[in-house]
Amino acid sequence: MTSSSSDHLRRRVFSGAAVVAGAVAVVFLAAGDGVSAPHLTGPLALLPRWGHAGVWLLLSIAFVVAAVRTRWQWMSGLLALVAAVIYALLVLALVAA
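Since this is a predicted model, take the numbers as computed values, not measurements. (Residues numbered from 1 in each chain as written. Predicted model: local features only at pLDDT ≥ 70, side-chain atom pairs only at ≥ 80, totals over all residues. Heavy atoms only, no water.)

1. A word on the overall build of the protein chain
So, point 1. Looking only at helices and strands, the protein chain features three helices and zero strands.
So, point 2. The helix and strand sequence of the protein chain, counted from the amino end, reads α-α-α.
So, point 3. Expected size for 97 residues packed as a compact globule is a radius of gyration near 13 Å; at 16 Å, the protein chain overshoots this value by more than 25%.
So, point 4. Accessible surface for the protein chain amounts to roughly 6,000 Å². Of this, 74% is attributable to carbon and sulfur atoms. (Helix = DSSP H or I, 4+ residues; strand = E, 2+ residues; numbered from the N terminus. Rg over C-alpha atoms; globule rule 2.2 N^0.38 Å. Areas by Shrake-Rupley, 256 points an atom, 1.4 Å probe, with all protein chains shown as cover.)

Following this line, the structure appears as structure tokens:
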């Protein structure tokens, strides 16, 4: 496999992952995730409604960046890390209450 064909394959894989993650984000935005947390107030109250969609949107953007650069680099990793932090906050907010 030449360098350009392996780049092409990586671009296709990352692009496909971006499409899937984007579709999941749209589902969460349109239908919600069924999580109800009326006990949360302030900024934490946003997590149950927007947390899952935000995580999947960030992952989609991370995959787009990786597709453009044809490799997983620091920016993709940073976006995925932010998504993981948001997800951890969401889970902690729901479990702690």
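2. Overview of the packing of helix α2 (residues 46-69) against helix α3 (residues 74-96)
When two helices pack together, their arrangement is captured by the angle between the axes and the distance separating the axes.
So, point 1. In the contact formed by α2 and α3, the axes pass within 8 Å of each other and the chain directions differ by 165°. By the angle between their directions, the pair α2 and α3 is classed as roughly antiparallel. Along this stretch, α2 crosses α3, giving a crossing that reads as left-handed.
So, point 2. Its residues placed into classes, the contact of α2 with α3 shows 21 nonpolar, three polar and one charged. (Axes fitted to C-alpha atoms, helices over the stretch in contact; angles between N-to-C directions. Parallel < 35°, antiparallel > 145°, perpendicular 65-115°, else oblique. Left-handed = near helix turned anticlockwise from the far one by under 90°. Nonpolar A, V, L, I, M, F, W, Y, C, P; charged D, E, K, R; others polar.)

3. Some words on the side chain of S60
So, point 1. By the secondary structure assignment, S60 is in helix α2.
So, point 2. The exposure class of S60 is buried, given its relative accessible area of 10%.
So, point 3. The contact partners of S60, leaving out residues within four places of it in the chain, are A18, A21 and G22. (Buried < 20%, exposed > 50% of the residue type's maximum accessible area, 1.4 Å probe, protein only. Contact = heavy atoms within 4.5 Å.)

4. Regarding the packing of aromatic side chains
So, point 1. Enumeration according to the criterion identifies three aromatic pairs in this entry.
So, point 2. One aromatic cluster is present, built from ring pairs that chain together F14, F63 and W72.
So, point 3. Here R49 stacks its cationic end above the ring of W50, 4.5 Å away from the centre of that ring. (Phe/Tyr/Trp six-rings, centres within 6.5 Å; stacked < 30°, edge-to-face > 60°. Lys NZ or Arg CZ within 6 Å of the ring centre and 35° of its normal.)

5. Digging into a nonpolar patch on the surface
So, point 1. Nonpolar side chains collect at one region of the surface, where W74, L78, L81, V82, V85 and L89 lie side by side and expose about 580 Å² of accessible area between them.
So, point 2. The residue V82 is located in helix α3 in this model.
So, point 3. Looking at V82, the relative accessible area reads 37%, which means it is partly exposed. (Patch = residues over 30% accessible without salt bridge, like charges linked within 9 Å, V, L, I, M, F, W, Y side chains within 5 Å. Salt bridge = Lys/Arg side-chain N within 4 Å of Asp/Glu carboxyl O.)

6. Some thoughts on the environment of A37
So, point 1. One can find A37 in the loop between α1 (3-31) and α2.
So, point 2. In this structure A37 comes out as buried when scored by relative accessible area, which is 12%.
So, point 3. Considering only alpha carbons, one finds A37 and L94, 57 residues apart in sequence, at a separation of 7.0 Å.
So, point 4. In contact with A37, not counting residues within four places along its chain, are P48 and L94.

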